[in-house]
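# Survey of secondary and tertiary structure
The chain contents come next:
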Amino acid sequence: IVGKLDSSAKYLEVKAIENPSQENFIIAGDGYYEAFNFAVDITKRNYLAEKAQDYYNRVLNENSSLFDVKSKLAMTYIASSNPMQGITMLREVLEEDPENQLAIYNLGMLSITSGQYDKAIEHFNLLKELDPDNPEAHFYIGCCLFELGKEKESKSYFQKVMELGIRGDLLEASEDYLKRIN
């Protein structure tokens, strides 16, 4: 999948170079960002992160209030040799836009990655307050509770994901967790 995504990103980059605009730079950055998220090889991942950073920085130099762009840029720094730069950027986003769902989500995911499940629950509860039908918020609260040994409490969150009528990986993972709980 990474090969397809980075080929797509390269095409979006060519389009952005031919027709430079804030919108096209965001699209090119998003293409590289998506490929970066799926890359496993560290060299490839770093290259894709740098390409995303280039386009996102071009955009933010013109308009620093695009908080979703800044949140994505932050995540590329977190995966680099300077992760604190990314965490600082996410905190800056939330200082300026306390309800920025992407920054909240990213901080929740970072908390999970570092095993800080209680902190992750706080982030995902906030996300759920902002968007009560957000399937990721319910799913990750359920996962955190499960990891904390609170399987019975986690059950209602996985059931909510199933009630939301979504398809795909979240639904399948929720079903798997419910089977493990029952």
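Anything mentioned here points back to the structure above.
This write-up is about the structure you can find in this document. These numbers were taken from a predicted model, which means no experiment stands behind them.

### Description of the packing of helix α5 (residues 83–96) against helix α6 (residues 101–113)
Orientation of α5 relative to α6, taken along the N-to-C sense of each, is 140°, at an axis distance of 9 Å. In terms of axis orientation, α5 runs oblique to α6. Where α5 crosses over α6, the two elements pack in a sense that is left-handed. Counted together, I87, L90, V93 and L94 of α5 and A103, I104, N106, L107 and L110 of α6 form the full contact between these two elements. Residues belonging to the contact of α5 with α6 are distributed by class as follows: eight nonpolar, one polar and no charged.

### Description of the nonpolar core
Ranked by size, the top nonpolar core spans 50 residues in total, and within it L90 and F139 carry the most contacts. Here the element with the most residues in this core is helix α8 (residues 135–147); it accounts for eight residues. Among all residues touching L90, those that are not within four sequence positions of it are S71, A74, M75, I78, A103, N106, L107 and L110.

Criteria and cut-off values
Residues numbered from 1 in each chain as written. Predicted model: local features only at pLDDT ≥ 70, side-chain atom pairs only at ≥ 80, totals over all residues. Heavy atoms only, no water. Axes fitted to C-alpha atoms, helices over the stretch in contact; angles between N-to-C directions. Helix = DSSP H or I, 4+ residues; strand = E, 2+ residues; numbered from the N terminus. Parallel < 35°, antiparallel > 145°, perpendicular 65-115°, else oblique. Left-handed = near helix turned anticlockwise from the far one by under 90°. Contact = heavy atoms within 4.5 Å. Nonpolar A, V, L, I, M, F, W, Y, C, P; charged D, E, K, R; others polar. Core = buried A, V, L, I, M, F, W, Y, C linked by side-chain atoms within 4.5 Å. Buried < 20%, exposed > 50% of the residue type's maximum accessible area, 1.4 Å probe, protein only.

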